[in-house]
Amino acid sequence: MKRTILYAYIALLVAVGLPFLANLGQRDPLAAPDGGGEANPTPSGAVEEAPPPSALPAPEWPGAPETIDVLMKDGSVETMDMQTYLVGVVAAEMPADFHAEALKAQAVAARTYAMYCAACAKHGPAQICTDSGCCQAWQSDGELRDKWGELYHEKLENIRAAVEGTRREYLAVGGWPVFAAFHSSSAGATENSADVWSAVPYLVSVESPETAEDVPNYVSTVRCSPIDLRDAVLSAHPEADFSGAEETWVGALRRDGSGRVSSVTLGGVELDGKEVRALFSLRSTAFELAYDAGGFTFTVTGFGHGVGMSQYGADKMARLGADYTEILAHYYPGTELVK
Ligand SMILES: [Zn+2]
């Protein structure tokens with residue numbers, strides 16, 4: 001009952017003054033299911049860190065819950081043991097052969113995120129769904145057996161150890177679970193939340209150590225013909241002007257503080273970097289755009305929105321000797337690990 005009151009209180013806070021939560025709840029449109037050895041880029045939510053309005057005294061946060069009500073793919077709502085649920089999340093979101101400390105960092109981020117979703121109450125009677133395009137990816141035991149085959153027991157033990165080794169631990173500011181966004185890989189530095197969604201004090205750009213030696217498809221290219229580039233831009237911006245020579249179609253390209261593209265001018269129209277990423281199915285907004293006689297080439301580094309913890313960066317940090325508390329402190333500066 002205490003938790004119900006708390007969630008109602010948070011819902012009230014959301015209603016009266018936390019508009020950025022609506023944007024933070026948006027998942028990465030290019031989030032891919034786990035597979036092919038790629039960690040799953042995943043934005044998504046946790047609780048607003050800002051202190052509540054003074055007129056509303058904050059109740060005590062009850063700590064990490066023991067269960068969570070999960071909206072299943074068939075529309076049913078299943079109450080799961082939190083640890084069991086998190087095994088399915090970590091297994092879906094991060095390769096099971098990542099370093100044990102990276103898996104523990106992922107377990108804490110996933111638990112924190114689940115607590116945030118539970119507080120947001122966007123799924124009615126359920127607290128979170130299993131849709132990687134909405135909340136957080138989750139795979140059932142049957143799906144994991146199919147995915148891992150004869151390595152099932154070995155890989156499951158890696159995931160279980162991470163979830164059990166961090167039981168009830170979550171990231172907080174002032175005792176409140178934070179918005180523990182994470183993504184697959186970054187291009188040297190993570191992204192400022194302010195450049196993607198809204199400013200969040202602990203989601204600021206920090207260095208991330210992964211390189212092409214650590215990440216499959218770290219640098220990718222998307223080639224497109226002049227006609228395809230023109231039609232894609234015109235589909236969203238009919239006012240664009242492509243009457244000039246092809247080599248003049250790409251204008252100013254601006255970058256934000258992390259080096260990602262904040263905007264690029266195409267056909268005389270300034271497009272947001274995120275829009276360009278979506279239009280051309282780029283793996284991130286860390287890209288270069290070049291023209292040659294045959295067309296245009298996007299050269300893209302990393303995968304995901306870039307905010308919060310880089311999963312491949314976490315794995316690299318762990319392999320260089322960092323433990324999960326150091327990884328979390330690096331990617332979510334200013335947060336406290338509540339145990
Ligand atoms: Zn959802």
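As a reminder, the structure under discussion sits directly above these lines.
A brief structural summary.

Basis of the calculations
Residues numbered from 1 in each chain as written. Predicted model: local features only at pLDDT ≥ 70, side-chain atom pairs only at ≥ 80, totals over all residues. Heavy atoms only, no water. Buried < 20%, exposed > 50% of the residue type's maximum accessible area, 1.4 Å probe, protein only. Helix = DSSP H or I, 4+ residues; strand = E, 2+ residues; numbered from the N terminus. Arc of directions from axis to C-beta. Contact = heavy atoms within 4.5 Å. Polar contact = N/O pair within 3.5 Å; in protein donor to acceptor, adjacent residues only side chain to side chain. Salt bridge = Lys/Arg side-chain N within 4 Å of Asp/Glu carboxyl O. Phe/Tyr/Trp six-rings, centres within 6.5 Å; stacked < 30°, edge-to-face > 60°. 1 Å grid on protein atoms, 1.4 Å probe; cavity = no way out; pocket = protein on both sides within 12 Å on 5 of 7 lines; lining within 4 Å. Points joined across faces, edges and corners; volume = space filled by probe spheres on them. Nonpolar A, V, L, I, M, F, W, Y, C, P; charged D, E, K, R; others polar. Pairing = 2+ DSSP bridges. Axes fitted to C-alpha atoms, helices over the stretch in contact; angles between N-to-C directions. Parallel < 35°, antiparallel > 145°, perpendicular 65-115°, else oblique. Left-handed = near helix turned anticlockwise from the far one by under 90°. Core = buried A, V, L, I, M, F, W, Y, C linked by side-chain atoms within 4.5 Å.

Some words on helix α10 (residues 324-331)
Listed in full, the buried residues belonging to α10 are Tyr324, Ile327, Leu328 and Tyr331. Taken around the axis of α10, the buried residues stretch over an arc of 95°, which confines them to a single face. In this fold, the buried residues of α10 make contact with α4 (100-120), β4 (170-173), β13 (309-310), α9 (311-319) and β14 (336-338).

As for the side chain of Glu101
The residue Glu101 is located in helix α4 in this model. Of note is the side chain of Glu101, whose polar atom sits 2.7 Å from the backbone nitrogen of Tyr324. Not counting residues up to four positions away in its chain, the partners in contact with Glu101 are Ala318, Ala322, Asp323, Tyr324 and Ile327.

Some points on the pattern of salt bridges
Under the counting rule described, the total for this entry stands at twelve salt bridges. Across the salt bridge formed by Arg168 and Glu66, the nearest N and O atoms sit 2.6 Å from each other. With Arg168 in the loop between α6 (152-164) and β4 and Glu66 in the loop between α2 (20-24) and β1 (67-71), this pair connects stretches of sequence that are 102 residues apart. The exposure class assigned to Glu66 is partly exposed, which follows from its relative accessible area of 40%. Measuring nitrogen to oxygen at the nearest pair gives 3.0 Å for the salt bridge that ties Asp214 to Lys316. You can see Asp214 sitting in the loop between β6 (182-183) and β7 (219-224) and its partner Lys316 sitting in helix α9, a full 102 residues away along the chain.

Description of the packing of aromatic side chains
Following the criterion strictly, the structure yields nine aromatic pairs and no others. With centroids separated by 5.6 Å and ring planes inclined at 85°, the aromatic side chains of Phe179 and Trp197 adopt a geometry described as edge-to-face. Separated by 18 residues along the polypeptide, Phe179 in the loop between β5 (176-177) and β6 and Trp197 in the loop between β6 and β7 bring together distant segments of the chain. The exposure class assigned to Phe179 is buried, which follows from its relative accessible area of 1%. Consider the rings of Trp249 and Phe296, whose centres lie 6.0 Å apart with planes at 10°: the pair is stacked.

Side note on empty space enclosed by the protein
All told, the structure shown has one cavity of 30 Å³ or more when counted by the stated rule. Of the volumes computed, that of the largest cavity is approximately 50 Å³. Considering the residues around the largest cavity, the lining is formed by Ala64, Pro65, Glu66, Asp81, Met82, Gln83, Arg111, Arg167 and Arg168. Within the lining of the largest cavity, the residues separate by chemical class into three nonpolar, one polar and five charged.

What about the sheet that holds strand β12 (residues 295-301)?
Sheet architecture is open: three strands sit in the order β7-β12-β11, paired in antiparallel fashion. The open sheet is flanked by β7 and β11 (287-292), the only strands paired with a single partner. Averaged over all neighbouring strand pairs, the angle between strand axes comes to 20°, with direction disregarded. Pairing geometry for β11 and β12, over six bridges, is antiparallel. Across the sheet, residue Asp292 finds its bridge partner in β12, namely Gly295.

What about the packing of α4 against α10?
Put simply, α4 and α10 touch, their axes get as near as 8 Å, and they point 55° apart. Classed by the angle they form, the pair α4 and α10 counts as oblique. The handedness of the crossing between α4 and α10 is right-handed. Of the residues in α10, those in contact with Glu101, Ala102, Lys104, Ala105 and Val108 of α4 are Tyr324, Ile327 and Leu328. Taken together, the residues that form the contact of α4 with α10 break down as six nonpolar, no polar and two charged.

Describing the nonpolar core
Taken as a class, soluble globular proteins show a tendency for nonpolar side chains to be buried jointly. Ranked by size, the top nonpolar core spans 63 residues in total, and within it Tyr85, Ile128, Ile159, Met309, Ile327 and Tyr332 carry the most contacts. Elements with a minimum of two residues in this core: β1, α3 (82-93), α4, β3 (128-129), α5 (141-148), α6, α9 and α10. Top element by residues in this core is α4. It accounts for eleven residues. Excluding residues within four positions of it along the chain, Tyr332 makes contact with Ala109, Leu171, Ala180, Ala181, Phe182, Tyr202, Leu203, Gly308 and Met309. In terms of nonpolar packing, the next biggest core, distinct from the first, is built from 20 residues, Cys224, Phe242, Val264 and Leu289 among them.

Looking at the sheet that holds β14
In a beta sheet, neighbouring strands are held together by backbone hydrogen bonds and run either parallel or antiparallel to one another. Taking strand neighbours across the sheet as the criterion, the three strands line up as β5-β4-β14 in an open arrangement whose pairing is antiparallel. Pairing within the sheet leaves two strands with one partner each, and these edge strands are β5 and β14. Sheet topology places β4 next to β5; two bridges connect them, and they run antiparallel. Pairing of Ala172 across the sheet is with Pro177, part of β5.

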